[in-house]
Amino acid sequence: QVQLVESGGGLVQAGGSLRLSCAASGRTFSSYVMGWFRQAPGKEREFVAGISWSGGRTKYVESVKGRFTISRDNAANTVYLQMNSLKPEDTAVYYCAARTGNILMTKNYDYWGQGTQVTVSS
């Protein structure tokens, strides 16, 4: 089992940047696919980005390609989401998630953090 704690959210103007971090407990962090999801008010939670065990493979939702970058540091048990050129439509609660196995999927994650709010003002 793994516990996840997100940090780094906040209020930023459109065009600005934020970096989210997700710290994981446990000694098997490197055996989980990690993902970032988000949920805006009144909308369903959506997959944003995912990364494989080694970090060699990544996947993004089309709306963030070229603006967001997911990365991981297995030695530090941490996954990051660098968000650049933020838009008001990126406003949401962002969740970190872990998935057992090494199939990089956009759903069926097993463990979730509590979320961190990202608000982008226009």
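Residues numbered from 1 in each chain as written. Predicted model: local features only at pLDDT ≥ 70, side-chain atom pairs only at ≥ 80, totals over all residues. Heavy atoms only, no water.

### Section: the environment of Ile103
Here Ile103 shows up in the loop between β9 (92-100) and β10 (111-112). Considering only alpha carbons, one finds Ile103 and Gly35, 68 residues apart in sequence, at a separation of 12 Å. (Helix = DSSP H or I, 4+ residues; strand = E, 2+ residues; numbered from the N terminus.)

### Re the nonpolar core
Counting 29 residues, the largest nonpolar core has Met34, Trp36, Val79, Leu81, Met83 and Tyr94 as its most contacted members. Among the elements of the structure, β3 (18-24), β4 (32-39), β5 (46-51), β7 (68-73), β8 (78-83), β9 and β11 (116-121) are those that each provide at least two residues to this core. Residues in contact with Met83, not counting those within four places in the same chain, are Gly16, Ser17, Leu18, Leu20, Arg67, Phe68, Tyr94 and Val118. Counting residues in each nonpolar core, the second largest holds six residues, with Val33, Phe47, Leu104 and Tyr109 among its members. (Core = buried A, V, L, I, M, F, W, Y, C linked by side-chain atoms within 4.5 Å. Buried < 20%, exposed > 50% of the residue type's maximum accessible area, 1.4 Å probe, protein only. Contact = heavy atoms within 4.5 Å.)

### Some points on the sheet that holds strand β1 (residues 4-7)
The sheet built from four strands is open, its strands ordered β1-β3-β8-β7 with antiparallel pairing. Only two strands of the sheet have a single partner each, and these edge strands are β1 and β7. Shown here is a sheet whose adjacent strand axes are inclined to one another by a mean of 15°, direction ignored. Of the strand pairs in this sheet, β1 and β3 are connected by four bridges, and their pairing is antiparallel. Within β3, the position partnered with Leu4 by the bridge is Ala24. (Pairing = 2+ DSSP bridges. Axes fitted to C-alpha atoms, helices over the stretch in contact; angles between N-to-C directions.)

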